[in-house]
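Structural overview for review
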Protein chains: 2
Amino acid sequence: MLRTHTCGELNKKNIGKEATLAGWVHKRRDHGELIFIDVRDAYGITQLVFDPKENRSMHEKAHELKSEYVIQVKGVVRERPAGTVNKKLPTGEIEVLAGALDILNPSLTPPFELDDALTVSDEARLKYRYIDLRRPNMQKNIRLRHKVNSFMRSFLEKNNFVEVETPILTRSTPEGARDYLVPSRLNPGKFYALPQSPQLFKQILMVSGLDRYFQIVRCFRDEDLRKDRQPEFTQLDLEMSFVTEDDIFELSEGLISGVFKAVSGIDIPTPFTRLKYAEAMERFGTDKPDGRFGMELTDLSGILKNTKFNIFKKTLEKGGTIRAINAKGYSKLSRSALDALIAKSKDYGAGGLAYLKCEKGKLSSNIDKFFEAGELDSIKEKAKAEEGDLILIVADKKAIALGVLGSLRLEIAKESNLIDENKVNLFWITDFPLFKRNDEENRWDSEHHPFTACKEEDAKLLDGKDLGRVRARSYDLVINGQEIASGSIRIHRRDLQEKIFKIIGLDKEEANRRFGFLMDAFQYGAPPHAGIAFGLDRFTTIFTKSVSIRDVIAFPKTQKAVCPMTGAPSDVDDKQLKELHIKKSK
Amino acid sequence: MLRTHTCGELNKKNIGKEATLAGWVHKRRDHGELIFIDVRDAYGITQLVFDPKENRSMHEKAHELKSEYVIQVKGVVRERPAGTVNKKLPTGEIEVLAGALDILNPSLTPPFELDDALTVSDEARLKYRYIDLRRPNMQKNIRLRHKVNSFMRSFLEKNNFVEVETPILTRSTPEGARDYLVPSRLNPGKFYALPQSPQLFKQILMVSGLDRYFQIVRCFRDEDLRKDRQPEFTQLDLEMSFVTEDDIFELSEGLISGVFKAVSGIDIPTPFTRLKYAEAMERFGTDKPDGRFGMELTDLSGILKNTKFNIFKKTLEKGGTIRAINAKGYSKLSRSALDALIAKSKDYGAGGLAYLKCEKGKLSSNIDKFFEAGELDSIKEKAKAEEGDLILIVADKKAIALGVLGSLRLEIAKESNLIDENKVNLFWITDFPLFKRNDEENRWDSEHHPFTACKEEDAKLLDGKDLGRVRARSYDLVINGQEIASGSIRIHRRDLQEKIFKIIGLDKEEANRRFGFLMDAFQYGAPPHAGIAFGLDRFTTIFTKSVSIRDVIAFPKTQKAVCPMTGAPSDVDDKQLKELHIKKSK
């Protein structure tokens, strides 16, 4: 080794001993004749002293040192003079009196300083990722991510799970998102696809009798990227045989509460709250509820069933609904701020947004005249409005009213700092619909994916018209308003699988072409099985309280799916394309 | 759970208790009225008894059961009658008297039986992988592979390594093997490549100050496949800063001997034998020597420096060499077997193969008349030939003579069962040449890869003509004649890296285009660093004493890079190609 100790290791016990350190010049301070260098490595910082009285040539050489030079220093550990002790550093009681100095590699001035507080453009951070990754927050995140993964692996191992690597070069079965394709050189005109998830392989592993599988695995989706999306992402994927929902919940709760406790010392009570999809929509206007604050949705339809206010009346007549949230303390909102809220609700899809201010003990607004006093009192009571509150009301189709208020609820909470960032709020969302209506293509799609089983009592509905009522045996884990995991009890019989494919519009031939091997496998002794997959990038983002998933991925891509450091994707030689039997099209 | 116990769990302690088991019908035996079912899951086998006197309807139902049906059975644990105890099974002292039987899923007759001894075609095994994976050997291999990975991870964690995930969608830098390419939808005409290894990223991580990185990672090479190659393969990749060769050796030896001890209970003495490339070639005719047996190569050039045998004489005059191996006990080889050996040496590239039988105390053959008695005695002595041995001699260019005899050595050892399969033989091979001559393209190539540093004392040779003499600071780990790991001390300075690129014929522009980011990074404080990568598929093959790497990979591909189960690679929709801005070429 080029060092005898790391830069985080030396302390009073080493006083008088020789040590060789290697690392980066973190800071240099010239104090009169003396030169102080803080040398940094992955483990800490140690103060070096170059004293011309001790070693003139080394002191000369120390004059050359600049930030981020890589050096090797041999010297003697000594106690820091009284008054210069740094209690914050584990090495703060000592310093190393430098004997020999070797510059292992000089450094240009870095494009930005290694200071977390500094705002650096995303482009620069990604282009000079080797500098960005030296910053304390990124170092912490990358190490924490490893600890999270490591805890998860050992937790699952203790629970008899076996990690199995599934292929990255696999078959294209576009489902929802687009596949990344890989042309085959050995099989002209054919393509591999990168897996959107190891779903089919993990089910096959259950058929093969493995009983408990997991994998921390890369997945790929060629989607238009948003802030929290990457072309490739990592999930903790697991599957179990002979289990029910409760087994998945119990295991997952042990896993998640375990990782919070082990890595961050945070106690998460179990079991997590379970919320049916329908209830989540009613109360929070979303299936990814953030329960760290209140402001839940209220149904005013009953109170206003005889309303004379024409817009509300018509909405109810057409089978719509009237929902409200109570924005606490928002009655003082300016006209322009109110207009902004109204504009936002229109962006979210509402026809309009009504409001009632609770001032001087009563509700008032530009529409209050349309309501009877009794109605206003009831609204106030239902919305639990107090002096200074603002009731926001959307009358629309149910899905729209819930969705819009759900979004406003979140917006207002963020704006008014209602969210305690130290809270960890978890929900299991269950009883999702198995299908969602695809009006554009006039058919039913799978809400989760087509391998999801339905509630046994709803199986009879599969032969009817009212497919929207069929409930799935699927479940999502939501942390702080973000979907962190998703899973289901799977179909394990060919007949049911065929029926589901038919319902979602895959004809028999197509279904066999794409998924025949899975349905074949179901005929050779497939056990009942279920699984779940945790989005580790997003989980680690929450876990590290990071702003973006890019802060927990060592080498992420931009929203254009580009890596500014390596320049991927790039031009390639025509010879390469020719060998792959493809051409660029215009 | 659909079970209270696994099928490997019940024993005498459970007698009299109720238990519910779930699993596969492994065997069924009808004994008079009684039906015995061995039910199997991932953990073991338990015997069920269906007795019509106890439960007539369940007994009826048990008549339906066939191999590989998935069942759930509730019953009472009881002691097996005297004389029917099976000491080999952990559950062999009990049986479960079946009360309720539920057929969870029937099974067609499997395409082959779950018997390791049975020869099944590779094609069938891969097509019905879910059946093949139920076979005891495959179950064992998959679980052992997990244990190997798991041990390695915790070993490295204990040694302060951090696992970091590097991108799968990255930049094409074809080096040696072909890249798998992925067309970019968002960046028309541009392509990602799947990584041949995370080499550049791990070096960047060292520049970022991570100090110790590892990753169990998928790598991709689009090569024409051989028996022990797969389009995607897994390596344990690691990199360390501020280290020398000895640190890599020590860590790797702890890792490898640790995994043998922890997972298989085998003691591997450390340190492993270190062998310089040149010596390995001289003694074994290969840089992947199998030291589980002798039969090392001998140099006869000195003894025969004045030979009158024209072919040998001319070889020596042209700067060639005369080498031999001693095939113990092979003097009785038939003429046709000898001819076969001669044909093989020609396949391996030799002009011919001479031989001398050691019979009746002297060496004889069709060429013995060309040698003087003294020469024959010296050959016999040098080759340590004893009665019944056969000396095989190749006179040729050195590389050919060594290569051919190295191959024959291995061939003969396998043929004559010289290899003790229970031995584990390890070598570090060091001091490789940095460059190899590419005569076809009249230039020098990197022997390892262009990021490898050279011996400091050889650095001055880089400016000369005799580049073949430059020795690399690279090392391979060879187990039982197979290269299991490969690594090097890396270049960490831009000037040296530029020089190497120039030597291997990458002009400055091209080098900057492809590797500019790495050379840039070297200018911002790159520490000295080194690493190694272990081929886990091949290692696990040796570790499990499997025949093929396909036996340690859950879902491998055929030699045509096809997955017979899923049908990957497959046709894709033209719409998909259009979105990716590519067309098939003819």
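Residues numbered from 1 in each chain as written. Chains lettered and ligands numbered in written order. Predicted model: local features only at pLDDT ≥ 70, side-chain atom pairs only at ≥ 80, totals over all residues. Heavy atoms only, no water.

Concerning the side chain of T452(B)
Residues and elements named next belong to chain B. In plain terms, the rule: What counts as a helix is a DSSP run of H or I of at least four residues, what counts as a strand is a run of E of at least two, and both are numbered from the N terminus. In the analysis that follows, any N or O atom pair within 3.5 Å is treated as a polar contact, provided that within protein one partner can donate a hydrogen and the other can accept it, and provided that, for residues neighboring in sequence, both atoms belong to side chains. Should any heavy atoms of two residues lie within 4.5 Å, those residues are considered in contact.
With respect to the helices, strands and loops of the structure, T452 is situated in the loop between β19 (443-446) and β20 (474-479). A polar atom in the side chain of T452 sits 2.9 Å from the backbone oxygen of H449. In this structure the side chain of T452 is engaged in a polar contact, spanning 3.4 Å, whose partner is the side chain of S488. What T452 contacts, discounting residues up to four positions off in sequence, is L434, A472, R473, S474, S488, I489 and I491.

Topic: the domain arrangement of chain A
Here is the rule we go by: Reported domain spans reflect what an automatic or database domain assignment gives.
Domain assignment breaks chain A into domain 1 (12-105) and domain 2 (293-415). Once you take the C-alpha centre of each, domain 1 of chain A and domain 2 of chain A turn out to be 65 Å apart.

Looking at the confidence of the model for chain A
Predicted coordinates in areas of low pLDDT are best not read in detail. Note the threshold: Note: pLDDT gives the predictor's confidence per residue, expressed from 0 to 100.
Here chain A averages 95 in pLDDT, while 100% of its residues score no lower than 70. Per the prediction output, this complex has pTM 0.95; the corresponding ipTM is 0.95.

Some words on the packing of aromatic side chains
When we look at a pair of aromatic rings, we describe it by the centre distance and by the angle of the planes. As a reminder of what qualifies: Only the six-membered ring of Trp is used, alongside the rings of Phe and Tyr, when aromatic pairs are assigned; centres must lie within 6.5 Å, and planes under 30 degrees apart are stacked while those over 60 apart are edge-to-face, with the rest tilted. To sort residues, take the accessible area from a 1.4 Å probe on protein chains only and compare it with the maximum for the residue type: under 20% means buried, over 50% means exposed, and anything in between is partly exposed. Geometrically, a lysine NZ or arginine CZ counts as sitting over a ring once it is within 6 Å of the ring centre and also within 35 degrees of the ring normal.
Tallying each qualifying case throughout the model produces 46 aromatic pairs over all chains. Summarising the aromatic geometry, the rings of F539(B) and F543(B) are spaced 5.6 Å apart at their centres and angled 35° between planes, so their arrangement reads as tilted. In this pair, F539(B) and F543(B) are both assigned in helix α14 (residues 536-543), 4 residues apart and thus about one turn of the helix distant. Taking relative accessible area as the criterion, F543(B) reaches 7% and is therefore assigned buried. These aromatic residues form a ring-pair network of at least three members: F249(A), F272(A), W428(A) and Y475(A). Against the face of Y128(B) rests K127(B), its NZ or CZ located 5.7 Å from the ring centre. Over the face of the ring belonging to W444(B) we find R437(B), whose NZ or CZ atom lies 5.1 Å from the ring centre.

Concerning the sheet that holds strand β1 (residues 18-31) of chain B
All names here are of chain B. To keep things clear, this is the line we draw: Paired strands, as defined in this entry, are two strands with at least two bridges between them according to DSSP. Structural elements are reduced to axes, namely lines fitted to C-alpha atoms, with helices fitted over the stretch in contact, and the angle between N-to-C directions of any two is expressed from 0 to 180 degrees.
Taken together, the 5 strands give a closed barrel; going around it, the order is β1-β2-β3-β5-β4, and neighbouring strands pair in mixed fashion. Pairwise comparison of adjacent strand axes, ignoring direction, gives a mean angle of 55° for this sheet. Direction of pairing for β1 relative to strand β2 (residues 34-41): antiparallel, over a ladder of 7 bridges. Within β2, the residue paired with R29 across the bridge is F36.

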